[in-house]
Amino acid sequence: MDADLDTDVDTEGGTVLGKFSRVLSDGEAPFTVALSFFAFLMWGMMMTLNHFFNPASVWAIGMAIMAASLAVALFITRAIMRFLSRLIRKIFGITPQNESFIDAIGVVITSEVTETFGQIEVYHDGVPCRFSVDLFPGSEPLIKGDYAKIVRKGRKGKTYLVVKTVEEPSLPKGNSK
C-alpha cells in the first residue's frame, strides 16, 4: 500500500502546516524538532492521564483528556522552543533577522510606501532580500525607486519602519563583507 500524505491546503496567510509551525515555535526553531517535542508531550500526558483518570475507557473522558493534553502540550512546546531558539542564538552569536538589517538601505519596489504598507529590496551578498515596511510616522512619503533606510522594527516585529534617504543602497556596517 502506498500513501501520499503531501497536502496543498491554502488558507489566508499561509498553509495549515505553516500556521501550525508558527503556533509551535514562532517559526524560529526547526519544525521537526518542535513537532517531536509536541508529539512526545501530548502522547505522554494522554497515556498518563488515561491510566489514572480513565481506567474504564470512557470515550467522553478520553476526549476531554485528549483536548487537555493538546492544549498543555502546545503551551509547553512553545515555551521549550522559545528557550531553545534563544539559547541557540546566544551560543552561535546569531542575531535575529529583524535586528541585523536595521540601518540597511534599499530600494522601494511597491508603488508607494505608506504608514501601513510597502516593500523594499536590499541586496545581501548579491541576493535580493525583500522586506515588508511601513513609513516612519511623520517622515517624507516614498514612491517606487526611492531609497529607504530601515530605522527600526515595526508592528510587533513583522515589518520595519523606514525613512527616505539619498544614500546608495547598502547593508549596515556589521553585515558587509
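For every chain, the first residue of its written sequence is number 1, and the numbers climb from 1 along that sequence. The predicted nature of this model means local features are confined to residues of pLDDT at least 70 and side-chain atom pairs, given and counted, to a pLDDT of 80 or more, with totals for whole chains, interfaces and linings taken over all residues. Heavy atoms throughout the structure, all of them, feed into the side-chain values; hydrogens and water do not.

> Whenever I open this one, the overall build of the protein chain confuses me. Can you help?
The helix and strand labels rest on DSSP assignments: H or I over at least four residues marks a helix, E over at least two residues marks a strand, and numbering proceeds from the N terminus. Regarding its fold elements, the protein chain presents four helices and nine strands. Along the protein chain, helices (α) and strands (β) appear in the sequence β-β-α-α-α-α-β-β-β-β-β-β-β when read from the amino end. Buried means the residue's accessible area, taken with a 1.4 Å probe over protein chains only, is under 20% of the maximum for its type, while exposed means over 50%, and partly exposed covers the values in between. Of all 177 residues assigned to the protein chain, the portion counted as buried reaches 27%. Working rule for contacts: check all heavy atoms of both residues, and any pair within 4.5 Å makes them a contact. A fraction of 50% describes how many contacts in the protein chain between residues 6 or more apart in sequence connect residues 24 or more apart.

> What am I meant to see in the packing of aromatic side chains here?
Ring pairs (aromatic) are described by centroid distance and by the angle formed between their planes. Here a Phe, Tyr or Trp ring, Trp counted by its six-membered ring, pairs with any other such ring whose centre lies within 6.5 Å, and the pair is stacked when the planes are under 30 degrees apart, edge-to-face when over 60, and tilted otherwise. Applying the stated rule across the entire model yields one aromatic pair. With 5.3 Å between their ring centres and 85° between their planes, Phe131 and Tyr160 make a pair best called edge-to-face. On the criterion of sequence distance, the pair formed by Phe131 in strand S6 (residues 127–135) and Tyr160 in strand S9 (residues 160–165) is long-range, its members being 29 residues apart. Each member of the pair, Phe131 as well as Tyr160, carries the same accessibility label: buried.

> What's the story with the confidence of the model for the protein chain in this structure? I'm lost.
Caution applies to low-pLDDT regions: their predicted coordinates should not be interpreted in detail. Per-residue confidence from the predictor is given as pLDDT, running between 0 and 100. The predicted model of the protein chain averages 81 in pLDDT, with 82% of residues at 70 or higher. Averaged pLDDT values over the elements of the protein chain bottom out at 42 in strand S1 (residues 10–11) and peak at 93 in helix H2 (residues 31–53).

> Quick question: what am I supposed to make of a nonpolar patch on the surface here?
Patches draw on residues past 30% relative accessible area with no salt bridge. Two like charges within 9 Å are joined, as are two nonpolar side chains (Val, Leu, Ile, Met, Phe, Trp, Tyr) within 5 Å. Per-residue accessibility takes into account occlusion by the displayed protein chains alone, with areas from the Shrake-Rupley method and a 1.4 Å probe. In the sections that follow, a salt bridge refers to a side-chain nitrogen of Lys or Arg positioned within 4 Å of a carboxyl oxygen of Asp or Glu. Among the surface-exposed residues, Phe40, Trp43 and Met47 lie close enough to one another that they form a single nonpolar patch of about 390 Å² accessible area. Structurally, Trp43 is set in helix H2. The class of Trp43 is exposed, set by a relative accessible area of 53%.

> Can you walk me through the nonpolar core in this structure?
For soluble globular proteins, the rule of thumb is that nonpolar side chains tend to be buried together. In these notes, a set of buried Ala, Val, Leu, Ile, Met, Phe, Trp, Tyr and Cys residues joined through side-chain atoms within 4.5 Å is what counts as a nonpolar core. Of all hydrophobic cores here, the largest spans 15 residues; its most connected members are Phe101, Ile120 and Val162. Among the secondary structure elements, those contributing two or more residues to this core are strand S5 (119–124), S6, strand S8 (147–153) and S9. One finds Ala34, Leu41, Met42 and Ala73 within the second-largest nonpolar core, a separate group that totals nine residues.

> Would you mind showing me how to read the environment of Phe117 here?
Counting through the fold element by element, Phe117 comes out in the loop between strand S4 (112–113) and S5. Since its relative accessible area comes to 45%, Phe117 is described here as partly exposed. Not counting residues within four places of it along the chain, the set of residues in contact with Phe117 comprises Thr110, Glu112, Val133 and Asp134.

> Looking at this structure, I do not really get the pattern of salt bridges. What am I missing?
Opposite charge on two side chains permits pairing when their charged atoms draw close. Inspection of every chain in the model, using the stated rule, returns three salt bridges. In this structure, the salt-bridge partner of Asp146 is Lys164, at a minimum N-O distance of 3.5 Å. Separated by 18 residues along the polypeptide, Asp146 in the loop between strand S7 (142–143) and S8 and Lys164 in strand S9 bring together distant segments of the chain. Using a relative accessible area of 15% as the deciding quantity, one classes Asp146 as buried. What emerges from the salt-bridge pattern is a single network uniting Glu140, Asp146 and Lys164.

> For this particular structure, what's the right way to read the pairing of S8?
The two faces of the sheet receive side chains in turn, since in a regular strand these alternate between them. In this structure, strand S3 (residues 105–108) lies alongside S8, joined through three bridges in antiparallel fashion. Residue Gly106 lies in a different strand from S8, and its bridge partner there is Ala148. Taken together, the six bridges between S8 and S9 define a ladder with antiparallel strand orientation. Considered in S9, the bridge of Ala148 is made with Lys164. At least two bridges found by DSSP between two strands are what make those strands a pair.

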